[in-house]
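Okay, here's what each chain looks like letter by letter:
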Protein chains: 2
Amino acid sequence: MKCRVCRGPAVIDVRRHNANFCAEHFLRLCRDQVAKAIDEFSMLRPGDRVLVAVSGGKDSLAVWDLLRQLGYEADGLYIGLGIGSYSDASGDAARAFATERGWPLREIDLRADHGTDVPTAAKVTRRVPCSACGLSKRHLFDRAAIEGGYDAVATGHNLDDEAAVLFGNTLRWETEYLARQLPVLEARDGFPRKVKPLVRLAERETAAYCVLSGIDYLVDECPMAAGNKHLGYKEALNAIEATSPGSKQAFYFGFLARAAGRFADAAPGADDARPDLGRCRSCGAPTTNEICAFCHLVDRTAGAEPVTLTVKGRP
Amino acid sequence: MKCRVCRGPAVIDVRRHNANFCAEHFLRLCRDQVAKAIDEFSMLRPGDRVLVAVSGGKDSLAVWDLLRQLGYEADGLYIGLGIGSYSDASGDAARAFATERGWPLREIDLRADHGTDVPTAAKVTRRVPCSACGLSKRHLFDRAAIEGGYDAVATGHNLDDEAAVLFGNTLRWETEYLARQLPVLEARDGFPRKVKPLVRLAERETAAYCVLSGIDYLVDECPMAAGNKHLGYKEALNAIEATSPGSKQAFYFGFLARAAGRFADAAPGADDARPDLGRCRSCGAPTTNEICAFCHLVDRTAGAEPVTLTVKGRP
């Protein structure tokens, strides 16, 4: 197995590119793919200040590292979600990474700063934990980016993530979500620009990137996500990818090239600025209600007894 | 397990309807679903003469039976594809079904009537056998319907078939195919109307329909189709259906309701009659070339040594 670039011994095969790479040229491939994604979708401009959503996992540490390598002024934001020992370990990984490099890492703790946490919110709302978790993260990353004057929020969504979400949205033909499932969402209506620079890299590649770069990331997956539908979609696509390498990439980029635009009118406020959007009475975030969904969640969980997780991450 | 309708002992559960049925009410459910599909998509008008594409399998015999029960003047057309003992057995099943009921069954034999067969055509064209097979069937059913003055060609495509084809077309975002993946295609440009009355029934339901109606169908699947991508798509969707019953139905009917129209302009000749369509010099079928794809296939295989299949259906 030889590196496609230098013919030296290869350390990884990338089947959908039908090629093998040595460590040096694999790392360069990753940088090039991120630079290409940023350029192709006009995600960032040179010198942009970027707030990176950092969880301590492979994708968020890789995207932070890669954005810095490409010259962007990228700071991290870690949100403590209160998911027992998983959250403890993820915070440790994020802090260790930032400290080692001397890169600024902001922190918000759901329990300390807002009086809630994901397990308690899930119990009170009687919905899957991923729902309260996603809502909280979107809200807090958006707000921190606006308040900190950042040009964009960057997340570590990779090709596998995006293909799986696209598959779920397509299975139900959720036109509103399909209209917004883009690698870049421009700033508007008080929301910051959002970018996904890793969309050209598969999950296995971001893991290899970390290993070969000496990045210590938290390998554990969130225990509360086990068994969710998203993982089922990933498995289904993995089975197809195994038979036909490149299927995921063709699915996601084919969508962007030939289908996404056909759903554009299904996006909320697609045709105009959104007259229905006001400001949250409590925090000032854009919302269609008197108070935004996050502040509503915080209100609902305010009086609830905090849920303690078992070692398996179950309430 | 009790029948949802009469509370008598049930013989089948239909998970996506979250209900069980006795034989009588299951058969009625199938009839109702076919009548509903015909009505919902304006497939047929009362008294229409229909040519049913008959293979001897569960779906084609079920659709023929159901169309007759619903009062349509439905005749069968069986095409001998020359796929060794599979074709022999499928022809036997189709003939026995028709003879028992005294219903007219037309027959075309690829080898006897056109000097070719699917295994030989696949070898000569160096493509998967399903390609030459589909091409031949579409052409011959269309031509027979036009020449016989039928109002429509009906095929036995069920919900599982349509969902799997839709999944394949979506994975590659084949906009032209997505534009035409409808349960009814109106007659135009010299092509007959085509209808799929079983789209509201799952594969397992058409099989149960046959068993409970005493229809002897050929259980074997085509040996040349083994391992094709379509079967992989079915498996992937089956895994999702097992976790979330109703997923396939939501996928297919959600597409029809909220997405198909968004691809309409990608259909060939979507905006106008097709000035590029002429008539095949050899058979008169509509085509964009001098001779149609079927006559071209026949020409190419004319001089080839016929391929003999092994017992496993492999050349």
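This text goes with the structure placed above it.
Only a predicted model underlies this, so the values are computations on that prediction, with no experimental measurement involved.

(A) Just the sheet that holds strand β5 (residues 105–109) of chain B, in detail. Residue and element names in this part refer to chain B. Here we have six strands laid out as an open sheet, ordered β5-β4-β3-β6-β8-β7, and mixed in their pairing. On the outer flanks of this sheet lie β5 and β7 (184–185), each paired with one strand and no other. Alignment of strand β3 (residues 49–54) against strand β4 (residues 73–80), held across six bridges, turns out to be parallel. Considered in β4, the bridge of V52 is made with G76.

(B) Structural context of the sheet that holds strand β5 (residues 105–109) of chain A. All names here are of chain A. Strand order across the open sheet formed by six strands is β5-β4-β3-β6-β8-β7, with mixed pairing between neighbours. At either end of the open sheet lies a strand with only one pairing partner, and these are β5 and β7 (184–185). Packing of helix α2 (residues 58–69) onto the sheet brings it into contact with β3 (49–54), β4 (73–80), β5 and β6 (152–154), and relative to β3 it is tilted by some 160°. The sheet strands contacting helix α6 (residues 129–147) are β3, β4, β5, β6 and β8 (193–195), and the helix crosses β4 at an angle near 140°.

(C) A look at the interface of chain A and chain B. At the junction of the two partners, chain A supplies 24 residues and chain B supplies 24 residues. The contact between chain A and chain B buries some 2,000 Å² in all, and 69% of this surface belongs to carbon and sulfur atoms. The three residues of chain A that bury the most area against chain B are L171, W173 and R262 of chain A, which together make up 37% of that side's buried surface. On the surface where chain A and chain B come into contact, there are two salt bridges.

(D) Representation of the packing of aromatic side chains. The full count for this structure, using the stated rule, is 23 aromatic pairs over all chains. Arranged with centres 6.3 Å apart and planes meeting at 25°, the rings of W173 of chain A and F263 of chain A form a pair that is stacked. One end of the pair, W173 of chain A, is in the loop between α7 (159–171) and α8 (175–180); the other, F263 of chain A, is in the loop between α11 (247–258) and β9 (278–279), and 90 residues separate them in sequence. The pair W173 of chain A / F263 of chain A is uniform in exposure class, with both members buried. When the centroid spacing of 5.6 Å and the interplanar angle of 55° are considered together, the rings of W64 of chain B and W103 of chain B count as tilted.

(E) Region of interest: helix α2 (residues 58–69) of chain B. All names here are of chain B. Here α2 contains twelve residues, and its C-alpha end-to-end distance of 16 Å stays within 8% of the 16 Å for a straight helix at 1.5 Å per residue. Burial runs high along α2: ten of the twelve residues are buried. Residues of α2 that are buried include every one of K58, D59, S60, L61, A62, V63, W64, D65, L66 and L67, and no others. Among the residues trailing α2, G71 stands out with phi positive, at a value near 95°.

About the thresholds
Residues numbered from 1 in each chain as written. Chains lettered and ligands numbered in written order. Predicted model: local features only at pLDDT ≥ 70, side-chain atom pairs only at ≥ 80, totals over all residues. Heavy atoms only, no water. Pairing = 2+ DSSP bridges. Helix = DSSP H or I, 4+ residues; strand = E, 2+ residues; numbered from the N terminus. Contact = heavy atoms within 4.5 Å. Axes fitted to C-alpha atoms, helices over the stretch in contact; angles between N-to-C directions. Buried area = accessible area lost by both parts, 1.4 Å probe. Salt bridge = Lys/Arg side-chain N within 4 Å of Asp/Glu carboxyl O. Phe/Tyr/Trp six-rings, centres within 6.5 Å; stacked < 30°, edge-to-face > 60°. Buried < 20%, exposed > 50% of the residue type's maximum accessible area, 1.4 Å probe, protein only. Expected span 1.5 Å × (residues − 1).

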